[in-house]
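# Geometric and topological summary
Now for the letters of each chain:
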Number of protein chains: 2
Amino acid sequence: MSKFAWVTLTTNDTYSLGALVLAHSLRRAGTAHQLAVLVTPSVSEAMRNKLKDVYNVVQEVNVLDSQDAANLALLSRPELGVTFTKLHCWRLVQFEKCVFLDADTLVLQNCDELFEREELSAAPDVSWPDCFNSGVFVFRPSVDTFGKITEFAVQHGSFDGGDQGLLNQYFADWATADIKKHLPFVYNVTAYASYCYLPAFKQFRDNIKILHFAGKLKPWLIQFNSETKSASTPSEYAHAHDLIQLWWNIFCDNVHERLTDEMQS
Amino acid sequence: MSKFAWVTLTTNDTYSLGALVLAHSLRRAGTAHQLAVLVTPSVSEAMRNKLKDVYNVVQEVNVLDSQDAANLALLSRPELGVTFTKLHCWRLVQFEKCVFLDADTLVLQNCDELFEREELSAAPDVSWPDCFNSGVFVFRPSVDTFGKITEFAVQHGSFDGGDQGLLNQYFADWATADIKKHLPFVYNVTAYASYCYLPAFKQFRDNIKILHFAGKLKPWLIQFNSETKSASTPSEYAHAHDLIQLWWNIFCDNVHERLTDEMQS
Ligand SMILES: O=c1ccn([C@@H]2O[C@H](COP(=O)(O)OP(=O)(O)O)[C@@H](O)[C@H]2O)c(=O)[nH]1
Ligand SMILES: O=c1ccn([C@@H]2O[C@H](COP(=O)(O)OP(=O)(O)O)[C@@H](O)[C@H]2O)c(=O)[nH]1
Ligand SMILES: [Mn+2]
Ligand SMILES: [Mn+2]
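Residues numbered from 1 in each chain as written. Chains lettered and ligands numbered in written order. Predicted model: local features only at pLDDT ≥ 70, side-chain atom pairs only at ≥ 80, totals over all residues. Heavy atoms only, no water.

Moving on to the relation of the copies chain A and chain B. Mapping chain A onto chain B calls for a screw motion: a turn of 180° about the axis and a shift of 0.0 Å along it, with 0.0 Å RMSD after fitting. The two molecules are tied by a two-fold rotation axis, judged by turn and shift. Looking at the interface residues of chain A, 100% of them are also at the interface in chain B, so both copies use one shared face. (Least-squares fit on C-alpha atoms with pLDDT ≥ 70 in both. Contact = heavy atoms within 4.5 Å.)

Structure (C-alpha cells):
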C-alpha cells in the first residue's frame, strides 16, 4: 500500500458530490496512491457509504471554525470559516506525505509526481500571487505541526478568515524562500479567473493538470439537463463551459447511478 | 551620475501624461537614479519638452509592432502590438542596469533596492501567475540581448501578441528557475484585480511600492473635476478610488500647470 495519499474534505452532502467526482477523476488519471476524505458529523450516513466506494479512508473529524465573520464578509463568503476544518489533514499520520485537494477541484492528468515535493508546496493565488492558493498543497502529516498551526490560529487568527489566510501566515516565507515549493500553476488553475488572460490559457491549456472551481459558482450548482446530458452554463461563464461539462460527464458516468433517489434530488 | 536608470515608454501624448506622473512619483520617492523615457516619432515636440523637464534622457525610437491582430483581439486590446517598442529599452547601454516601468504605473515608495536584482526579475501576473507581468522588470541593457529578443520575436511571435507574451517565451524559465527573480508582488500591484481578494489587499496595503493601472481603464481616462480636484471613479472601480485620486493629485501638483493650454484639453 502506498504511503502517500490524496486528501480532501467535505462538511455536507453537497460538497460530498464534489469529493466523489474528484476521487473518480483521480482514479481515471491512474494514480498509484491512496485516497482519503475528511468528513464532519453533518455528512449523512448514506453519503459516507458512497464515499467509501471510492475512498480508501473516510475519516470523521470535528468542525473547526475561524469565527471571523468580519473578514469573511469582506470576501462575501461567510461559509469559509468552516474551511479551518482542513487543518485536520495534518493528523493523517498513517501517511508519509499527502496532497490536499479542495472538493471543488478536478484532476485532468496523472499528477503523482507531486509527492516528490516537500511541505508546504502550493501554486500562486490568482488575485494576490504572493499568497499560495490553499486548494491544492503538498504537506507532511504530523501531530506536532497540527498543534503548531492550530495554536498559531488561536493567537493570530487568519487575515481572510479562512484557511488560506491562516496557512499563508503560518508558511509565511513561501513567496520568497524556495522556488521548488512553487507548484506550477497548471496544478491549480482557477477555472474562471484564468480566462482573464485567454491567450495564456490557450497557450498552456494542454498542460493543465488540475482545475479548481474556486469561487461561488460550483459545478454542482449549475443546472444540468439529464436528458441532453448538458450543463446550462450561465453566460458570464460561457468560456468555462467545457470544463463544467467535463465535471458533469464524470458525475454522470461514475457518480450519479450510485446515488440513492433521495440523494439525486 | 548613477549607472542605473528607471525606463519607460510612450508612443503618444496621452501615455506621455502617464510617463510624466510616473517620473514625478519616482522623484517624490527620492530615487538616487536616472530617469529615461523612450518616445516614438508620434510624441509631439511640446510633449517631449515637458518630458525633458523631469527625465534625464528622452530617447527617440522607432515603432516595433507585433502585428498579431488575432491574439490581441483575444485580449480585446488591438493597441498592444505597439508594446513591442518596449524592446528598445535593451539598447540603453549607457546604463549598467535598469528597471522598466509601464507608463501606467505609479511609484508609492522608494524602490531603489530593485537595482540589486538581476535580469530578468519581475512580479507574477495576476491572471496566469506562472507568467510574469511585463509592466515592471529589471533588465541589463545589451545590444546583443536586444538582437536575440527581436530575432526570437520574428521567429516565434508572441503568444498574446504583446510584449508580455514575447518576454515570457524568451525568459521561459522565470517561473521555475530562481526565486530571486520573482519580485514581490508589492512591486507591481494591479490596481483593479487585487480587489478580487480584498483581505490580502488590506493585509499588505502598507507594503505596496508600485501600483499598476493595467487594463483598459487608465487614470488619465477617468473624469476629473478640476474645481473639487476629485476623480469621478466609475462605480465598478469604487474600491480603487483613492489610488486613482492619488494619480490625479500628482498630476495636479506636478504636471498640469506645466502643460500648455493645448495639451491641457
Ligand atoms: O461548506 C463548506 C465549505 C468548504 N468545504 C471544504 O473546503 C474547501 C474550500 O472551500 P471552497 O472550495 O468553497 O473555497 P474556494 O476554493 O471557493 O475559495 C472545499 O473545496 C471543501 O473541501 C466544505 O467541505 N464545506
Ligand atoms: O498605445 C500605447 C500602448 C502602450 N504604450 C506603452 O506600453 C505600456 C504597456 O501598455 P499598457 O500599460 O496599456 O498595457 P497593460 O498594462 O494595460 O497590459 C504602456 O504603459 C506604455 O508605456 C504606449 O506607449 N502606447
Ligand atoms: Mn476550492
Ligand atoms: Mn501597463
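Note on metal sites: the ideal angle is 109.5 degrees for four tetrahedral donors, and 90 or 180 degrees for six octahedral donors. Residues and elements named next belong to chain B. Coordination of the manganese ion (ligand 4) by the protein is provided by Asp102 (OD), Asp104 (OD), Asp104 (OD) and His212 (NE2), with metal-donor distances spanning 2.2 to 2.3 Å. Taken together, the six donor atoms coordinating the manganese ion (ligand 4) span angles of 57 to 174° at the metal, a pattern that classifies the geometry as irregular. Within one chain, the residues donating to the manganese ion (ligand 4) are spaced in sequence as D-x1-D-x107-H. With Asp104 in the loop between strand E4 (97-101) and strand E5 (105-107) and His212 in strand E9 (residues 210-212), the pair connects residues that are 108 residues apart, well separated along the chain. A residue is classified by how much of its surface remains accessible, and His212, at 3% relative accessible area, is buried. (Donors = N, O, S within 2.8 Å, 3.2 Å for Na, K, Ca; no water. Tetrahedral: all angles 85-135°; square planar, octahedral: opposite > 155°, others 65-115°. Helix = DSSP H or I, 4+ residues; strand = E, 2+ residues; numbered from the N terminus. Buried < 20%, exposed > 50% of the residue type's maximum accessible area, 1.4 Å probe, protein only.)

Right, let's talk about the confidence of the model for chain A for a bit. Put simply, chain A has an average pLDDT of 91, and 92% of its residues get 70 or more. Interface scoring of the predicted complex returns ipTM 0.93; its pTM is 0.93. (pLDDT = per-residue confidence, 0-100.)

All names here are of chain B. Relative to the helices and strands, Lys209 is located in the loop between helix H7 (198-204) and E9. Judged by its relative accessible area of 18%, Lys209 is buried. Look past the residues within four positions of Lys209 in its chain and what remains in contact with it is Leu106, Val107, Leu108, Gln109, Asn110, Cys111, Glu113, Val186 and Tyr187.

Residue and element names in this part refer to chain B. Running from amino to carboxyl end, helix H4 (residues 143-156) crosses helix H5 (residues 163-170) at an angle of 105°, the nearest separation of the two axes being 10 Å. Taken together, H4 and H5 sit at an angle that is classed as roughly perpendicular. Across from Lys148, Ile149, Phe152, Ala153 and His156 in H4, the residues of H5 making contact are Leu166, Leu167, Gln169 and Tyr170. Looking at the contact of H4 with H5 residue by residue, the class counts come to six nonpolar, two polar and one charged. (Axes fitted to C-alpha atoms, helices over the stretch in contact; angles between N-to-C directions. Parallel < 35°, antiparallel > 145°, perpendicular 65-115°, else oblique. Nonpolar A, V, L, I, M, F, W, Y, C, P; charged D, E, K, R; others polar.)

Let's shift gears to the sheet that holds strand E1 (residues 4-10) of chain A. All names here are of chain A. Here we have six strands laid out as an open sheet, ordered E3-E2-E1-E4-E7-E6, and mixed in their pairing. The open sheet terminates on both sides in strands that have one partner only, identified here as strand E3 (57-60) and strand E6 (121-124). Pairwise comparison of adjacent strand axes, ignoring direction, gives a mean angle of 25° for this sheet. The sheet contact formed by E1 and strand E2 (residues 34-39) spans six bridges and is parallel. In the strand pairing of E2, Thr8 is matched with Val37. (Pairing = 2+ DSSP bridges.)

Residues and elements named next belong to chain A. Every buried residue of helix H2 (residues 45-54) is listed here: Met47, Arg48, Lys50, Leu51 and Val54. Looking straight down H2, one finds that the buried residues subtend no more than 160° of arc, so they occupy a single side. The exposed set on the far side of H2, more than 90 degrees from its buried face, consists of Glu45 and Asp53. (Arc of directions from axis to C-beta.)

So, about the site of ligand 1. Residue and element names in this part refer to chain A. Within the structure, ligand 1 sits among 16 residues, and Leu9, Thr11, Tyr15, Gly215 and Lys218 are positioned closest to it. Here an oxygen atom of ligand 1 sits 2.6 Å away from a polar atom, N or O, in the main chain of Leu9. Here an oxygen atom of ligand 1 and a side-chain polar atom of Tyr15 are 2.5 Å apart. (Near = heavy atom within 4 Å. Polar contact = N/O pair within 3.5 Å; in protein donor to acceptor, adjacent residues only side chain to side chain.)

Turning to the site of ligand 2, a few remarks are in order. Residue and element names in this part refer to chain B. Taken together, 16 residues lie around ligand 2, and Leu9, Thr11, Tyr15, Gly215 and Lys218 are the ones closest in. Residue His212 places a side-chain N or O atom 3.0 Å away from an oxygen atom belonging to ligand 2. Measuring from an oxygen atom of ligand 2, one finds a side-chain N or O atom of Lys218 at 2.8 Å. Coverage of ligand 2 by the protein amounts to 90% of the 510 Å² it exposes when considered alone. Here the shell around ligand 2 is built from residues that sort into six nonpolar, six polar and four charged. (Areas by Shrake-Rupley, 256 points an atom, 1.4 Å probe, with all protein chains shown as cover.)

Residues and elements named next belong to chain A. Counted by the stated rule, this structure contains 46 aromatic pairs over all chains. Plain terms: the ring middles of Trp6 and Phe115 are 4.9 Å apart, the flat faces sit at 75° to each other, and that makes the pair edge-to-face. One end of the pair, Trp6, is in strand E1; the other, Phe115, is in the loop between strand E5 (105-107) and E6, with 109 residues separating them in the sequence. The residues Trp6 and Phe115 share a single accessibility class, namely buried. Arranged with centres 6.0 Å apart and planes meeting at 50°, the rings of Trp220 and Trp247 form a pair that is tilted. Taken together, the positions of Trp220 in the loop between strand E9 (210-212) and strand E10 (224-225) and Trp247 in helix H8 (residues 241-255) put the pair 27 residues apart, joining distant regions of the chain. Residue Trp220 shares its accessibility class with Trp247, and that shared class is buried. Joined through ring pairs, the aromatic side chains of Trp90, Phe100, Phe137, Phe139, Phe152, Tyr170 and Phe171 make up one cluster. Here the guanidinium or amino end of Arg91 rests over the ring plane of Phe146, the centre of that ring lying 5.3 Å away. (Phe/Tyr/Trp six-rings, centres within 6.5 Å; stacked < 30°, edge-to-face > 60°. Lys NZ or Arg CZ within 6 Å of the ring centre and 35° of its normal.)

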